[in-house]
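So the chains spell out like this:
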Amino acid sequence: MGKPRLPGPSQESVKISSFPPAAIDYGPLIPQGLEAPQGQALVSAFPCAPPRADSPEDVSALLVQACRLVHLNQEHLVSKVSQLIHHLLNRLQVIVDEQNLDFLLAYTISAFQQCSSWTHMEILQALSALVYYNGPKCQKYLPDLLGETGILMKLSDPSQSDPDLRRAAVHCMANICLSVPGQPYLDEPYRNVCFQTFLTILQSSKVSGMDDITFCMLLQNALKGLQSLLNGGKMKLTQTEQLGSLLAVLKKYMFHGLPGLNIEMPAVLYPAPLPQYDGRSPLKQEPLEINPSKPVASKRKKAKGKQKKGHQGEELKEANGEIGAGAASVLGKLTLHEGSAVGSAYLSTPSGGSEGSSPAARDRASSYLSSSPWKRISSSESDYSDAEGGLQSKMRSYQAKVRQGALACFLSTIKSIEKKVLYGYWSAFVPDTPGIGSPQSVSLMTISLKDPSPKTRACALQVLSAILDGSKQFLSVAEDTSDHRRAFTPFSVTIASSIRELHRCLLLALVAESSSQTLTQIIKCLANLVSNAPYNRLKPNLLTKVWNQIKPYIRHKDVNVRVSSLTLLGAIVSAQAPLPEVQLLLQQPCSSGLSSNSSAMSWLSSSDWRRDASYAETLEESTDMLAASSGEPCWLIRLCISIVVLPREDPCSDSDTSCTAGNIYEPSPVRLESLQVLALLVKGYFIMAQGYLMELGEVACRCMEETDPSIQLHGAKLLEELGTGLIQQYKADSTVAPSQRVPVSLVVMFWAMMLNGPLPRALQNSQHPTLQASSCDALSSILPEAFSSLPNDRQILCITLLLGLNHSKNPLVKAAAARALGVYVLFSCLRQDVMFVADTANAILMSLHDKSPNVRAKAAWSLGNLTDTLIVNMEMLGQSFQEEFSGLLLLKMLRSATEASKDKDKVKSNAVRALGNLLHFLQPYHIVKPRFTETIEESIQALISTVLSEATMKVRWNACYALGNVFKNSALPLGTAPWTAQAYSALTSVVKSCKNFKVRIKSATALSIPDKREQYGSVEQYAQIWSALVTALQKSEDTTDFLEFKYCASLRTQICQALIHLLSLASSADLSCIQETVEQSGDMVRLYILQYLKSGVEGDDTGSAPSPQERDKMLSEALEHVRGIQEPSGEAAKKAITAYLEGILTTYTSAAESCGSLL
């Protein structure tokens, strides 16, 4: 990309006027050199006190006054005042205000233009300090700095002879690019100029005369500049060439100075699904241009200083002369392949110990690393003399910072581009299993395994985590469950191979790592991988290896490692749960040095509920039954319970900053993560957790009784998951055998314990609204069968609390209470209580008018549930319930739902559902009342407009469903009312042309609901509906979205059902339009009706479909109806239609008999 043309600097230099001297005392902040005679007059002339670090305005004013005292022809003082600017702003961390910045920039730019070259370095440093986070405020001077002939553009050019000046200019440019979130940013032309300048620097090789350290600093500055541009959020890397060029240089400098590697990258990386070629020269090493004064010695001297225990530090370096040609060739292959003896040896061995790995595993890892050609070598084993080794150490430190800068820039790049674009470059940065005899391409894992700097390794792992984050859809194509013997490797197998290689490399890094910070990043990266990988499509044993390797780190001395280890276990138990492999792992006996935590349950022995005689027999029977059904004890549940409730056994480690003298438990982050693991385990593997139901309930109670709000919240969340798991077991479609379910008696006991414990207090704790909301969610997860068996006072307590919380001023609490009421109104023991339904309706309607969209959305959902209850009561209790229910409240509900149907989609989808139910619920004596007439008209118009709107498909589906419910109410004047034609027109439009087939299906269903001919209106109206259904049948395969094809069969089934229904109601006047269809589209309709009769229902969303015998009977009845029409004027049409239908039935009967004879 060429450099955009920008305005050059103004022809006139900025003029700096001179001012009479004043008196300011610089005090101790004067840099060395201002004590010279030329500076003494300046220094002694300042009467004010030294500026304070907390007074940026004073610092800026002091610098302005100093510049006014120094004329540009006094070059020595110009140099010193530039040093003063650089020194004060850097030391005091001051960002100059806009007014003083204008003067100081004008001064420094003019000084650079007028003073001799020997002053330029100091002036550039001053300029760099001034523009730091001030880029947008420098717009007036950007042409002088970044124009085609601007100062920084000239100095940053590769032709610049002075490398230090070039480096300083690039640093200054990088500071201009820094931005504060929410503040104005550089104009696009200048952003593009800077981006291209930084990119050009990174693409250029080191020029002669520039030493390695200066070159590293230049690269660092360019990378920081790119990172600032990307972090600003304004750089749109939409062009493939631009993004590819950036990724190519970033990949190159990720490995800059890495011992044993010499990467030759193409100028541009292009997106490709297959691994790309890396032109590497493994026999050749990147030379370190330090020019040592003597050859490398054979003996090694110990480095000065001592490394910190458990950390390798930045000084872990690799001896440059250690790797010979033979070893380097092995390095080129990075022999960490799947079948390697070393890798499989310690990856399959159970780990032990409390410090991260067992001694045996550690020895294996050590021997493996010592035999590796790229092992990490301490600086104490350096082959250099002290002076020479110090220079080498400094060099390697700078190279590591370049690698870190490249990785940080890559991280910013990932955040600034779409994931689907990023995954086109997957193979360039993520490892893949190498082919037999071919070298493994370098990747982020190469750095994680090889880099001597723990900080760089951690950076690489952060980048890899960012790539894996949100990759579930991309990785979902992976599949290797069957052997692929093909001439080519499918993309799914390539991705699966990459996933397996990631597992292997990360586990290698895990056992080899000694830095706790980097260890944390490895485990976090593993957790991200586990969360996104499709294990149900991969060969088993991947999670088993991760599981066995991570166990020892749960008791690691570093609290962050413990937390991340629990996070990883949580990811495993939530990955496509339930997985058979994970279920087996959970049933494994406790091993690997972890205690059995038998004491974890002992704290329950004194619980009040255990001593209650009324519960003793129930508990004993239920426990025996659950123990038999759940199998082996789950060590993970026992472990997490012990972490949450038991005092810690070991003293606090250095990293446990939260550990105080009064805190006897594990640090809060560890306990929180344990609670999360318990919640995830209950959610995914409830059948295993149900054996610990009462214990887990006690844990939730203990947590809600604590003072830490986070612990309380997680306790409430655990309680909600337990309640949800119990509800899932008792659903009609549950696959759990009745004998394996938790007995209702035990569930009642469980909730009695909760309601007699801290749950009511948590619900009334107005100081913590988030806890109140979570407690509402927990209360809504009561099993309905158990609620009806609770003591009456406990039932009243629940209802009273929820109705009260619905008046909360906090939207979070109010939304949760409204949702919980929507759950309770479906309980069979409550829904027939007219007073409860009425109270709930009033509470929900109040929330439906709340200013919070979230509250309104929850209230609309609850209103939909409440109207479902009205329909159930109408069908079960008949007119008695309808007469008891208040007409005024019904009218109020209709008006509120109509108003809510104009709200946002989240509210609208349930508002129209409620409208359909309410209009179905209306009785004749409601409809005839004048105050209802207008409201009914408005409600139906709201449904019609929603069907035709551009709302989400869920909203339109609900609106079609609601119109179908309206048609079920025979008391409404369907067929004669003015809105009839509009309603049918909306549904026929949708059934013919809606992009979403599920909406089409629901509209066809609605069109087949009226059961009387007069409800379809005039002959013209009937003909319009018939023609629309025939057209919809003809277009039932017309879609550009392949996801809709699976609903084609369901759509045809529903349309055929609607056509047969219309035939069965047709009058003599309707026969002409039907005859026209027989003549024009008879073959097409015959084909689909025969399919309907033969195959029946396919796909989803067809409702309760008739059986084959019922379908045959429906068509036969339609034929008999047409035969029975007595109208001479339609005799010809009648004969044609009758013959057509008889032909279809004959064909179907013959085919059925043929199939029967074959069987």
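Since the model is a prediction, treat every value here as computed from it, not as a measurement.

Engineer: Looking at this structure, I do not really get the overall build of the protein chain. What am I missing?
Structural biologist: Counting its secondary structure elements, the protein chain contains 54 helices and 2 strands. Scored against the burial criterion, the 1159 residues of the protein chain give a buried share of 56%.

Engineer: I'm lost on the side chain of glutamate 721 in this one. Help?
Structural biologist: Mapping glutamate 721 onto the fold places it in helix H32 (residues 709–729). If we skip the residues at most four places from it in the chain, glutamate 721 touches Ala679, Val682 and Lys683.

Engineer: In this structure, what is going on with unusual backbone geometry? I would like to understand it.
Structural biologist: In most cases, non-glycine residues show a negative phi, while peptide bonds are predominantly trans. With an omega of -5°, the peptide bond between alanine 577 and proline 578 qualifies as cis. For glutamine 93, which is not a glycine, the phi torsion comes out positive at approximately 55°. Mapped onto the elements of the fold, glutamine 93 is located in the loop between helix H3 (75–92) and helix H4 (98–114). The class for glutamine 93 is exposed, based on a relative accessible area of 64%. Despite not being glycine, glutamine 576 has its phi angle at roughly 45°, a positive value. Inspection of the secondary structure assignment puts glutamine 576 in the loop between helix H24 (559–574) and helix H25 (580–587). Assessed through its relative accessible area of 26%, glutamine 576 is described here as partly exposed.

Engineer: Explanation requested: the packing of helix H8 (residues 163–177) against helix H10 (residues 212–231) in the structure shown.
Structural biologist: Two quantities define a packed helix pair, namely the angle between the axes and the distance from one axis to the other. Two elements in contact, H8 and H10, have axes separated by 8 Å at closest approach and are oriented at 15°. Judged by the angle between their axes, H8 and H10 are roughly parallel. Handedness of the crossing formed by H8 with H10: left-handed. Contact with H8, carried on its side by Pro163, Asp164, Arg166, Arg167, Val170, His171, Ala174 and Cys177, involves Thr214, Met217, Leu218, Asn221, Ala222, Gly225, Ser228 and Leu229 of H10 and no other residues of that element.

Engineer: Just to check I follow, could you spell out the nonpolar core for this structure?
Structural biologist: The tendency in soluble globular proteins is for nonpolar side chains to be buried side by side. Ile467, Leu636 and Tyr824 are the most contacted members of the largest nonpolar core, which has 350 residues in total. Shared between two domains, this core takes at least three residues from each, and those domains are domain 1 (56–272 + 390–417) and domain 2 (1016–1157).

Engineer: I would appreciate a short explanation of helix H52 (residues 1071–1095) in the present structure.
Structural biologist: An α-helical turn contains 3.6 residues, so any two residues separated by three or four positions project in the same direction. Compared with the 36 Å implied by 1.5 Å per residue over 25 residues, the 28 Å span of H52 between its first and last C-alpha is markedly short. At serine 1081, H52 shows its strongest bend, of approximately 95°.

Engineer: What should I look at first to understand the environment of valine 207 in this one?
Structural biologist: Among the structural elements, valine 207 can be located in the loop between helix H9 (188–203) and H10. By relative accessible area, which is 28% here, valine 207 ends up partly exposed. Remark: the alpha-carbon pair of valine 207 and serine 159, spanning 48 residues in sequence, is separated by 9.0 Å. Ignoring anything within four residues of it in the chain, the contact list for valine 207 reads Pro158 and Arg166.

Engineer: Can you walk me through helix H51 (residues 1048–1063) in this structure?
Structural biologist: Taking 1.5 Å of rise per residue, the 16 residues of H51 would be expected to cover 22 Å, and the 23 Å separating its terminal C-alpha atoms lies within 8% of that figure. Counted residue by residue, H51 has 16 buried out of 16 residues, so it is predominantly covered.

Engineer: What's the story with the state of the cysteines in this structure? I'm lost.
Structural biologist: Here is the idea: a disulfide is a covalent bond, and it sits between the sulfur atoms of two cysteines. For the structure shown, the criterion picks out 0 disulfides. This cysteine, cysteine 172, is not joined by any disulfide, and cysteine 138 carries the nearest cysteine sulfur, 8.6 Å off. Its sulfur unpaired, cysteine 177 is 3.8 Å from the next cysteine sulfur, which belongs to cysteine 194. On the basis of relative accessibility, which here comes to 0%, the residue cysteine 177 falls in the buried class.

Cut-offs and rules
- Residues numbered from 1 in each chain as written.
- Predicted model: local features only at pLDDT ≥ 70, side-chain atom pairs only at ≥ 80, totals over all residues.
- Heavy atoms only, no water.
- Helix = DSSP H or I, 4+ residues; strand = E, 2+ residues; numbered from the N terminus.
- Buried < 20%, exposed > 50% of the residue type's maximum accessible area, 1.4 Å probe, protein only.
- Contact = heavy atoms within 4.5 Å.
- Axes fitted to C-alpha atoms, helices over the stretch in contact; angles between N-to-C directions.
- Parallel < 35°, antiparallel > 145°, perpendicular 65-115°, else oblique.
- Left-handed = near helix turned anticlockwise from the far one by under 90°.
- Core = buried A, V, L, I, M, F, W, Y, C linked by side-chain atoms within 4.5 Å.
- Domains from an automatic or database assignment.
- Expected span 1.5 Å × (residues − 1).
- Bend = angle between axes of the 7 residues up to and from the residue.
- Disulfide = S-S within 2.5 Å.

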